[in-house]
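Descriptive analysis of the structure
What follows is the residue order along each chain.
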Amino acid sequence: MRFSLLRTLGYFAGGLWTAWGGRQRIEAKQLSNLRRLVEKARRDSPLFRRLYSDLGPSSEVELRDLPVTRKPDLMREFDDWLTIRSLPLERAREHLRDIDKLGVPIDDVAIFRTSGTSGEPAVIVSPSSLLEYYYGISLARFDRSQWKPIREVRKAGVSVTITGGNGHFAGAGLNKLMRHLAPRLVGHTAFVEAEQPIGRIVDELNAIPNLTSILTYPSVLAILAKEKEDGRLRIEPMIVRTGGEMLTGELRARVRQAFPSLKRDVIDAYGCTECLVPSIKCSHGRHHVNEDWVILEAVDEAMRPVPDGTLSATVLLTVLANDVQPFIRYDLGDCLRFYTDPCPCGSPFRSFQVEGREATLVRVGEVTLSPLVFDLEHEHARRIQLVQTSAREFEVRIEPADAAEARDVFQEVSQSVKRVFRDNGLIDVTVRESQAPPEITASGKFHEVLPLQGTDPRT
Ligand SMILES: [Zn+2]
């Protein structure tokens, strides 16, 4: 696998050229990229050849002619899905079973897995073109205020990624891969496993000299902010970046206060393993789709487009920079809302906001609750988790800051949780204390609330 700086500059220059041409040039570029991908998929992927057998010529295809694709169907036919024949699922799985091969290419591609928070994990195959797109387009679309601190930080010290280390996830894997493919591009980096006990994460971070930047999930960041407030965490980062989960305004403000060393607001990206960077967030807080290389369609439950301004039931993703593993109108499961007006930043690219991931909502009978309604913080606990164990039963798992207080913490937390249920008309819900420690997802995210598995209709 070779990472080409020249092709990266091609994405950069092309990305600028497309943006300068406004809507007309963006839409033309998107359509020609789409038709080229459809042609390649029909020619070299047996699965897409079957799927598109009734379509007219690829040079006349429109997006709406193409059927929606879903992860379980694609994974079931993995060996027919790729446009290369040298990577059957069994070979990919064998690679993924060996953690020493994290971020090590297999022939001309890199492979990662998704966390499987909404069902079976997917195996994601990234050719070098996707990585070149990732760097080239970021370079083209970041504004000066976004680049300046990133450049300064790279010169000044160590950038730390804190994500799941128990599998081939893109967070840690991409870092390792790029260190191997293009070391000058990534600078000094370190990795800390998010699934360790908090005390150990704090010790590891405190031991890194000259730590200037952090990349992690919002749920891990919330814990770090608390550790910093309580004086256990002593790091003074200049930049904090997040991704993979929803970042609330409340957490953003809290982090700003807890880490006075920050040079700018938390940089929050909307990303997924399938595309790495479908959009870039501007200084006005909107996510702008990289429409020349990515298509995001906000749709309802029947996969019909919803008007701008309406919250979608899911989103269909098309990745135009990956012709090895085609993602075309792929049901991603996220809820988005496109803005109806142009962004004050002047970007010609359509913008949206993310409304959280459906899989984290809690369903009790007919009532659906956001995890944000529960107050799961306590001064004597490092972290608290509410787990739904059956339709109307929950347990509270506590990682105490001080063993003697565990009982009182449970009493107070369970009372506040029961109050939330009562306020929502739910009186027959049981809340129990659990001796088990809080559970971390496969990719190292910490969810304060774990809904009952299998209640999401898509899993
Ligand atoms: Zn904008």
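Residues numbered from 1 in each chain as written. Predicted model: local features only at pLDDT ≥ 70, side-chain atom pairs only at ≥ 80, totals over all residues.

With that settled, the discussion passes to the domain arrangement of the protein chain. Segmentation of the protein chain into domains returns domain 1 (5–131 + 271–360), domain 2 (157–268) and domain 3 (362–450). Here the C-alpha centroids of domain 2 and domain 3 sit 25 Å apart. The interface is formed by 16 residues belonging to domain 2 together with ten residues belonging to domain 3. Across the side of domain 2 that touches domain 3, the residue classes break down as six nonpolar, seven polar and three charged. (Domains from an automatic or database assignment. Contact = placed C-beta atoms within 7 Å. Nonpolar A, V, L, I, M, F, W, Y, C, P; charged D, E, K, R; others polar.)

It is worth spelling out the sheet that holds strand 18 (residues 393–400) at this point. Reading across from one edge, 19-18-17-20 is the order of the four strands in this open sheet, with mixed pairing throughout. The open sheet has two edge strands with one neighbour each: strand 19 (430–434) and strand 20 (449–450). Sheet topology note: the strand 17 (residues 381–390)/strand 20 ladder contains two bridges and is parallel. Note that in strand 20 the partner of Val 387 across the bridge is Leu 450. (Pairing = 2+ DSSP bridges. Helix = DSSP H or I, 4+ residues; strand = E, 2+ residues; numbered from the N terminus.)

Here helix 12 (residues 218–229) spans 16 Å end to end across twelve residues, near enough to the 16 Å set by a 1.5 Å rise per residue. Counting buried positions along helix 12 gives ten out of twelve residues, so the element sits mostly inside the fold. Among the residues of helix 12, Pro 218, Ser 219, Val 220, Leu 221, Ala 222, Ile 223, Leu 224, Lys 226, Glu 227 and Lys 228 are the ones counted as buried. In this structure, the buried residues of helix 12 make contact with strand 3 (158–163), helix 11 (198–206), strand 5 (211–216), strand 6 (239–242), helix 13 (249–258) and strand 17. Taken from the residues just after helix 12, Gly 231 is the one with a positive phi, measuring 85°. (Expected span 1.5 Å × (residues − 1). Buried ≥ 20, exposed ≤ 12 C-beta atoms within 10 Å, placed from the backbone.)

Let us now look at the packing of helix 12 against helix 13. It is the contact of helix 12 with helix 13, at a shortest axis distance of 9 Å, that shows an interaxial angle of 35°. Classified by chirality, the crossing of helix 13 by helix 12 is left-handed. Across the interface between the two elements, Pro 218, Leu 221, Ala 222, Ala 225, Lys 228 and Glu 229 of helix 12 pack against Leu 251, Arg 254, Val 255 and Ala 258 of helix 13. For the contact of helix 12 with helix 13, the residue count by class is seven nonpolar, no polar and three charged. (Axes fitted to C-alpha atoms, helices over the stretch in contact; angles between N-to-C directions. Left-handed = near helix turned anticlockwise from the far one by under 90°.)

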